[in-house]
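Here is how the chains run, residue by residue.
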Amino acid sequence: MASMQKRLQKELLALQNDPPPRMTLNEKSVQNSITQWIVDMEGAPGTLYEGEKFQLLFKFSSRYPFDSPQVMFTGENIPIHPHVYSNGHICLSILTEDWSPALSVQSVCLSIISMLSSCKEKRRPPDNSFYVRTCNKNPKKTKWWYHDDTC
């Protein structure tokens, strides 16, 4: 547990002092617990999401960084994207099977902003309705099928 807290403290400072572009740590989210963060983000200029505001929820288990964080969009505005379900779950391999302890909150944030920025058409995943009705609340419990790398 101590190594997890030490790592989270280090990443928290990094996110506060050198956040990815158009991303900021929601300071209120870490006041009561270091294991749950909210990152406020804004869509990049020149993209389909330019100027739109989103929130990412990070939840860390006691096994972090050996176990990936649970990451999902939260709040009132969930991006409409082929890899983002309307409940905020994100289909992104580094959040599950391609996770490595070498990754960080910053690298996850950069991957998500890159995923949004490269999108050519705002649309939900084809199985959105079924998935949202039947999925576990924890997106890490989903057995994702990574079959589309066009966005």
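Right, let's walk through the structure included here. (Residues numbered from 1 in each chain as written. Predicted model: local features only at pLDDT ≥ 70, side-chain atom pairs only at ≥ 80, totals over all residues. Heavy atoms only, no water.)

## A word on helix 2 (residues 105–117)
Phase 1: Between its terminal C-alpha atoms helix 2 stretches 18 Å, which fits the 18 Å expected from 13 residues at 1.5 Å a residue.
Phase 2: Among all positions in helix 2, only Val105, Val108, Cys109, Ile112, Ile113, Met115 and Leu116 are buried. Around the axis of helix 2, the buried residues are gathered within 155 degrees of arc, so they sit on the same side.
Phase 3: Structurally, helix 2 contributes buried residues whose contacts are with helix 1 (2–17), strand 1 (23–25), strand 2 (36–42), strand 3 (53–59) and strand 4 (70–74). (Helix = DSSP H or I, 4+ residues; strand = E, 2+ residues; numbered from the N terminus. Expected span 1.5 Å × (residues − 1). Buried < 20%, exposed > 50% of the residue type's maximum accessible area, 1.4 Å probe, protein only. Arc of directions from axis to C-beta. Contact = heavy atoms within 4.5 Å.)

## With respect to the pairing of strand 3
Phase 1: Pairing of strand 2 with strand 3, which is carried by 7 bridges, proceeds in the antiparallel orientation. Bridging across to strand 3, Gln36 finds its partner in Lys59.
Phase 2: Alignment of strand 3 against strand 4, held across 5 bridges, turns out to be antiparallel. Among the inter-strand pairings, Gln55 is bridged to a residue of strand 4, identified as Thr74. (Pairing = 2+ DSSP bridges.)

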